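# A closer look at the structure
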Amino acid sequence: MRHAILPSMCAVAVAASCSPALAQQAAPAAAVSPAYLNTERGLRVKTLEGKEISPSLMKGMRPEEQITKRTPGVPTRPSVLLQHEGGTSAPGLEWFAAKPLKMMPYLDSSYVFGNICAEPNAWIREDMISTGAQKIKTALSRYGITYSAQFGFNYTGLTGGGLNGKTDFPSYNGSLLTNITIFRNHSTGSGLYLASEFDFGNGFDFNEGSKGPKTTLGSLQNPTSSFQGPDPHLSNLSLAWVGAGGKLLLMAGQLDTTNYMDHNAYANSHNNNLTNSVFGNNPVLPLTDNSLGFHFAWQPTTSFYVMGATAANNMTQNHNPFRNLNSDNWTNVLEFGYVAEDFCSMGPGVYRLQPFFTTSNGENGGGVAVNFQQQLGRSSHLGWFFRGGWASDDAATLTGVRCAATTGLVLLSPFRGKGASNDGYLGLGFLWQQGAKKNGPYVNRNEYGIELTYVAQVTPTMTLQPDIQLVKNPVNGRRGQTAVVFQIQNVWSW
């Protein structure tokens, strides 16, 4: 079942193009005002009506300016892509174009941010911060600048474990991912853009890099993956070209490959998702950040894509990326994806195979990972995810993980209806992993974990997320150790 709803003005334009008579009959309908669209995390497109629309959104943006919010890992729906197809364009280039570059549906979801931050269905429908943030986001998008900005506070508490006696971890963290369209070809939609990512944060009374919950537990997993510290750093600065009718993207520069690969609709990020690090990315997969390299993505059809990245794996934050650049420390990752519109009558799903090859200190290694996401019912908000993988002994030294499996169930936009928030989330995840042999010896061979989390949309741009986790047998902890981890996370998304 396809969830594609054509906006009224686009429907009129399509009909009119087929027949001059229809064009005359349809002329009065062209005056109908365009509508605000909501995608419910990309799964279905619906028109917002009445009180479903946040006043912060209405004050910050006209509906015809909307670039609907994307969800990485969920192919962008045709009705959303059609938002940018209307009107006539003269041949030639437009510098700092307001329209996003034309891409195939899966690529579009992975590389386009949109210009919406004021979510529907919040407890508080309007506030000054949300209105101001939406106005700024709209104004910058008119000049080809789109971004995803998040800032939040986190409190993490531990019971039943801890190697150094510390049990409380208050912190603040933020990230700013930006795309700047340098030019766009009017007739083809191809063009060039600059991508960047800036991260910052730290603990209020501890160093996130050396004394966080992961260190205290002695675990492979980091229960609080929102940590971006301890020092502000630029983890991505790269140029990307999009062409071949939106089927091909080429990117080069200082890369954070976690921004573009190993996406999953149901477990993808540390904010407004499951917060344990193993659910954000496959712990076996050696994705690099802050590293010089090259990335490509190719989607020849709506049902298949391939991505790849080749980059250095020995770079450190806030250092010259050319420092220590050599072929003895390099990582190559591929991702093949099958995109199903309706898999076994259960609804949309994406199934990914991810082989990788590494060189670390001159030693070659490799491995393979998988990443699955599946909606459980054609009209359901419930979904399932699975990631798993294995790495050779030499490749595993890069991540510290030799083999792992994570799975879970997620209810997206728990408050159902046309105005459901894109950030609403209820998730349950399970994990298992083993440490790299060369990084041992370990106290416990097998490490386990369970996480239950809920995300509530408090204002159009702010969420509150209570979270509880159970960490069993941390590999460097005590034998038979079980720890309970409680978190409360407050995130502003602009």
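Below, the structure is looked at part by part. (Residues numbered from 1 in each chain as written. Predicted model: local features only at pLDDT ≥ 70, side-chain atom pairs only at ≥ 80, totals over all residues. Heavy atoms only, no water.)

Let us look at the overall build of the protein. A tally of helices and strands in the protein yields nine helices and 19 strands. By the compact-globule yardstick of 23 Å for 494 residues, the protein fits well, its C-alpha radius of gyration being 23 Å. In the protein, which comprises 494 residues, the proportion classed as buried is 55%. Considering only intrachain contacts with a sequence separation of at least 6, the fraction spanning at least 24 residues in the protein is 68%. When the accessible surface of the protein is summed, it comes to about 19,800 Å², and 63% of that surface belongs to carbon and sulfur atoms. (Helix = DSSP H or I, 4+ residues; strand = E, 2+ residues; numbered from the N terminus. Rg over C-alpha atoms; globule rule 2.2 N^0.38 Å. Buried < 20%, exposed > 50% of the residue type's maximum accessible area, 1.4 Å probe, protein only. Contact = heavy atoms within 4.5 Å. Areas by Shrake-Rupley, 256 points an atom, 1.4 Å probe, with all protein chains shown as cover.)

Take the side chain of Asn-444 next. One can find Asn-444 in the loop between strand 16 (425–435) and strand 17 (446–459). Only 2.8 Å separates the side chain of Asn-444 from the backbone oxygen of Pro-474, close enough to count as a polar contact. The contact partners of Asn-444, leaving out residues within four places of it in the chain, are Asn-473, Pro-474, Val-475, Gly-477, Arg-478, Arg-479 and Gly-480. (Polar contact = N/O pair within 3.5 Å; in protein donor to acceptor, adjacent residues only side chain to side chain.)

Nonpolar side chains collect at one region of the surface, where Leu-426, Leu-428, Phe-430, Ile-450, Leu-452, Leu-464, Ile-468, Leu-470, Val-484, Phe-486 and Ile-488 lie side by side and expose about 810 Å² of accessible area between them. Listing elements by their share of the nonpolar patch, those giving two or more residues are strand 16, strand 17, strand 18 (462–472) and strand 19 (482–493). (Patch = residues over 30% accessible without salt bridge, like charges linked within 9 Å, V, L, I, M, F, W, Y side chains within 5 Å. Salt bridge = Lys/Arg side-chain N within 4 Å of Asp/Glu carboxyl O.)

Bringing unusual backbone geometry into the picture now. Looking along the chain, the bond that leaves Gly-440 and enters Pro-441 is cis, with omega of 5°. Within the secondary structure layout, Pro-441 lies in the loop between strand 16 and strand 17. Phi is positive for Asp-262, close to 65°, though the residue is something other than glycine. On the secondary structure map, Asp-262 appears in the loop between strand 8 (248–255) and helix 8 (277–280).

Formed by 36 residues in total, the largest nonpolar core has its most connected members in Met-103, Tyr-111, Tyr-193, Leu-249, Met-251 and Met-307. Counting 14 residues, the second-largest nonpolar core is a separate cluster that includes Leu-43, Val-410, Tyr-425 and Leu-431. (Core = buried A, V, L, I, M, F, W, Y, C linked by side-chain atoms within 4.5 Å.)

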